[in-house]
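Reading the structure
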Amino acid sequence: IRVTGRREGAVTIIEMSDTGPGVPAKAREHLFEAFHGSARSGGTGLGLYICHDIVKRHGGVLAVHSQLGRGTTFSVELPLEINGGTP
């Protein structure tokens, strides 16, 4: 797992990457929806939905980029200022 962070203009970007099997396209379609994103038995499918909601409420974007057999990267983009003030 690799975690990186950087600033690009007025945005902070945090990326979390792995070199695992990747996330199939069909699974990515509903990954950030409640009760649809769980890939493991016994999971509720709420974790990524909650993360997506928190990031969105802070004016940001949570995205996933994945290639089968090559790994997955989740990126969080957050504005440095929220509603004209600093976070």
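Up top you'll find the structure we're talking about.
Figured I'd write up the structure that's included with this text. All figures in this text were calculated on a predicted structure; none of them were measured in a lab. (Residues numbered from 1 in each chain as written. Predicted model: local features only at pLDDT ≥ 70, side-chain atom pairs only at ≥ 80, totals over all residues. Heavy atoms only, no water.)

Quick word on the pairing of strand S1 (residues 2-8)
In summary, the side chains of a regular strand alternate between the two faces of the sheet. Across the seven residues that make up S1, only a small minority, zero, are buried. Pairing between S1 and strand S2 (residues 11-18): seven bridges, direction antiparallel. By the bridge assignment, Arg7 is partnered in S2 with Thr12. In this antiparallel pair of consecutive strands, S1 and S2, the connection spans two residues, and Gly9 shows a positive phi of 65°. (Buried < 20%, exposed > 50% of the residue type's maximum accessible area, 1.4 Å probe, protein only. Helix = DSSP H or I, 4+ residues; strand = E, 2+ residues; numbered from the N terminus. Pairing = 2+ DSSP bridges.)

Description of the pattern of salt bridges
This structure, assessed with the given rule, holds three salt bridges. Where Glu15 meets Arg6, a salt bridge forms, and the shortest distance between an N and an O atom there is 3.4 Å. By relative accessible area, Arg6 is classed as partly exposed at 35%. Residues Asp53 and Arg57 are paired through a salt bridge, measuring 2.8 Å at the closest nitrogen-oxygen approach. Of this pair, Asp53 and Arg57 both sit in helix H2 (residues 47-57), four residues apart, roughly one helical turn. Judged by its relative accessible area of 26%, Asp53 falls in the partly exposed class. (Salt bridge = Lys/Arg side-chain N within 4 Å of Asp/Glu carboxyl O.)

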